[in-house]
Amino acid sequence: MKFSSIALLLIATSSALTASAFTQSSAFGVRSQSGLFMSEATEEEAKVSKKNKRLQFMKDDQFYRNGFKDVRKDVEDVMEGQFKSKLVDDMKENKHIVEREGVRVHLASDFGFCWGVERSIALAYEAVKHFPDRKVHITNELIHNPEVNDNLGNMEVNFIEKTADGKDFSVVGEKDVVILPAFGASFEEMQLFNEKDVEIVDTTCPWVSKVWNTVDTHQKKGLTSIIHGKYAHEETVATVSFCEDYLCVKNMEEAEMVADYILNGGDKPAFMKHFKNAVSDGFDPDTMLSNLGLANQTTMYKKETRAIGKMLQKTMLEKFGPVDAETHYMEFDTICDATQERQDAVHDLVVNAKELGLDFILVVGGWDSSNTAHLLEIPQLSGIRSFHINRSECITADN
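Computed from a prediction, not measured in an experiment: that's the story for all the values here.

1. Regarding the packing of helix H2 (residues 72–83) against helix H4 (residues 115–130)
Geometrically, a packed helix pair is captured by the angle between its two axes and the distance between the axes.
Phase 1: Closest axis-to-axis distance for the H2/H4 pair is 10 Å, and the angle between their directions is 125°. Between H2 and H4, the crossing angle belongs to the class labelled oblique. For the element pair H2 and H4, the recorded crossing hand is right-handed. Counting all contacts with H2, which are made through Arg 72, Asp 74, Val 75, Val 78, Met 79, Gln 82 and Phe 83, the residues of H4 involved are Glu 118, Ile 121, Ala 122, Tyr 125, Glu 126 and Lys 129.

Spelled out as structure tokens, the structure:
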């Protein structure tokens, strides 16, 4: 099989490491995109929320979120050696193109690790070097990237085993070190480790924390959180742990089911059966879908999240009228900028595929990466031949 022109999107490696993983490469801020339902502080807001308890955990002397400067230079050198590529640097200087032996490769304009992931890797590596004589555990894969997780395994980091009854934290002993991954950890896990005599290194991406702040606002306003995400994904599991009432929708089809129930009611047992794993305990669609707040798993397809938000807003307008709708629906922009930039980069390749003469688009990333899956969807939905690999070893002379 021979090809002459290929588009390549790398999210498994990065040649664009910032000077420090702790210096953000682009502006990071909270942007509200709705002027919806912002009432004065109430007695409800005075309650100690899970967010406030989490902030209390973070004040503990054994909770680390800013890394360890004593080993930072060593870790920066290690990361540069592992993730920097001269070939990619050359491509960036040549309009993201390289041509060898009659094959031209186009590199996506945005690719590689985002700042949040770089920061997470740096924190984890620093933790291992800073505590050389301690047993180090991690509650999940750091990120959905096999090479990074293999690196941690080679550094003798213990990945907490998942059993039929949940994660087995019995192996975590006193004075051990526990790393919380980039996806975050559930409130219950944080509480458990806060009660143990362990060092906690929190590598949670700030964009994920931003989503947690949003669902905390929902809670204070008495809203049910509608989470656009996969209910079993580590990030969403962490997010819903900070909610009181919630319902997860994985796509527009499920969001339309929710909208239809809001407007027309329906078969409650059938509705609950469909969403049985994606709702809070005691969820009642007859009473908990009148006041909603939208948030999302940061790696979801941004255009779909936006479309779901517009549909829910329209649903509330139809249900409650233009005067009262604003008191029944709240929406903040919780979509990660880096996620959108990489989705836009793939979209640009798709739009220009014919002009560039592309034979196929190749997406590189972990098999279980939500980011990678959504990037692959973009060319597939447009009928562009596309493939997904997780390592360079997937490419052989036979394929």
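2. Thoughts on the pattern of salt bridges
Phase 1: On inspection of all chains with the given rule, the structure shows 14 salt bridges.
Phase 2: Glu 126 is the salt-bridge partner of Arg 72, the closest N and O atoms lying 2.9 Å from each other. Taken together, the positions of Arg 72 in helix H2 and Glu 126 in helix H4 put the pair 54 residues apart, joining distant regions of the chain. For the pair Arg 72 and Glu 126, a shared accessibility class is recorded, and that class is buried.
Phase 3: Here Lys 167 ties to Glu 189 by a salt bridge, and the two come within 3.0 Å at their closest N and O atoms.

3. Digging into the packing of aromatic side chains
One pair of aromatic rings is described through two measures. These are the centre distance and the angle between the planes.
Phase 1: Applying the stated criterion across every chain yields a total of 11 aromatic pairs.
Phase 2: With a centroid separation of 5.5 Å and 85° between ring planes, the pair formed by Phe 68 and Phe 131 is classed as edge-to-face. Here Phe 68, found in the loop between strand E2 (63–64) and H2, pairs with Phe 131, found in the loop between H4 and strand E5 (136–138); they are 63 residues apart in sequence, far enough to count as distant.
Phase 3: For Phe 68, a relative accessible area of 4% translates into the label buried.
Phase 4: The exposure class of Phe 131 is buried, given its relative accessible area of 8%.
Phase 5: When the ring of Phe 187 is compared with that of Phe 242, the centres are 5.9 Å apart and the planes differ by 75°; the resulting orientation is edge-to-face. Taken together, the positions of Phe 187 in helix H6 (residues 187–195) and Phe 242 in the loop between helix H8 (234–240) and strand E12 (246–249) put the pair 55 residues apart, joining distant regions of the chain.
Phase 6: By relative accessible area, Phe 187 is classed as buried at 5%.
Phase 7: Clustering of aromatic rings is evident, with ring pairs tying together Phe 57, Phe 187, Trp 212 and Phe 242.

4. Quick notes on helix H7 (residues 206–220)
Each α-helix turn comprises 3.6 residues. Residues three or four places apart therefore point the same way.
Phase 1: For H7, built from 15 residues, the straight-helix expectation of 21 Å at 1.5 Å per residue is met to within 8% by its first-to-last C-alpha distance of 21 Å.
Phase 2: Among the 15 residues in H7, 11 count as buried, and that is most of the element.
Phase 3: The complete set of buried residues in H7 reads Pro 206, Trp 207, Val 208, Ser 209, Lys 210, Val 211, Trp 212, Thr 214, Val 215, Asp 216 and His 218.
Phase 4: Just downstream of H7 lies Gly 222, where phi reads positive at about 75°.

5. Some details on the environment of Gly 266
Phase 1: Inspection of the secondary structure puts Gly 266 in the loop between helix H9 (252–264) and helix H10 (268–274).
Phase 2: You can call Gly 266 exposed: its relative accessible area is 58%.
Phase 3: Taking C-alpha positions, Gly 266 is 9.5 Å from Asp 286, a pair spaced 20 residues apart along the chain.

6. Focus on the sheet that holds strand E13 (residues 292–296)
Phase 1: Taken together, the 4 strands give an open sheet; going across it, the order is E12-E11-E13-E14, and neighbouring strands pair in parallel fashion. Two strands close off the open sheet at either side, each with one partner strand: E12 and strand E14 (329–331). Ignoring which end each strand starts from, the neighbouring axes of this sheet average 25° apart.
Phase 2: In this structure, strand E11 (residues 224–228) lies alongside E12, joined through 4 bridges in parallel fashion. Bridging from a neighbouring strand, His 228 pairs with Val 249 of E12.
Phase 3: Along the sheet face, H7 touches E11, E13 and E14 and points at about 170° away from the line of E13.
Phase 4: Running over the sheet, H9 touches E12 and E13 and is turned about 135° from E12.

7. A look at the packing of helix H1 (residues 50–58) against H6
Phase 1: Contact pair H1 / H6: the axes reach a minimum separation of 11 Å and the direction vectors enclose 35°. When you trace H1 past H6, the crossing you get is left-handed. For the pair formed by H1 and H6, the contact residues are Lys 50, Lys 53, Arg 54 and Phe 57 on the first element and Phe 187, Glu 188, Met 190, Gln 191 and Asn 194 on the second.
Phase 2: By residue class, the composition of the contact of H1 with H6 is 3 nonpolar, 2 polar and 4 charged.

8. Focus on the nonpolar core
Phase 1: Counting residues in hydrophobic clusters, the biggest one holds 78 residues, and the most contacted among them are Ile 121, Leu 142, Leu 247 and Leu 289.
Phase 2: Top contributing element to this core by residue count: H4, with 7 residues.
Phase 3: Dropping the residues within four chain positions of it, Leu 142 is found in contact with Ser 120, Ile 121, Ala 124, Val 148, Asn 149, Leu 152, Phe 159, Ile 179, Pro 181, Ala 182, Phe 183 and Thr 203.
Phase 4: Membership of the second largest hydrophobic core comes to 13 residues, among which are Ala 108, Val 346, Leu 376 and Ile 378.

Thresholds applied
Residues numbered from 1 in each chain as written. Predicted model: local features only at pLDDT ≥ 70, side-chain atom pairs only at ≥ 80, totals over all residues. Heavy atoms only, no water. Axes fitted to C-alpha atoms, helices over the stretch in contact; angles between N-to-C directions. Helix = DSSP H or I, 4+ residues; strand = E, 2+ residues; numbered from the N terminus. Parallel < 35°, antiparallel > 145°, perpendicular 65-115°, else oblique. Left-handed = near helix turned anticlockwise from the far one by under 90°. Contact = heavy atoms within 4.5 Å. Salt bridge = Lys/Arg side-chain N within 4 Å of Asp/Glu carboxyl O. Buried < 20%, exposed > 50% of the residue type's maximum accessible area, 1.4 Å probe, protein only. Phe/Tyr/Trp six-rings, centres within 6.5 Å; stacked < 30°, edge-to-face > 60°. Expected span 1.5 Å × (residues − 1). Pairing = 2+ DSSP bridges. Nonpolar A, V, L, I, M, F, W, Y, C, P; charged D, E, K, R; others polar. Core = buried A, V, L, I, M, F, W, Y, C linked by side-chain atoms within 4.5 Å.

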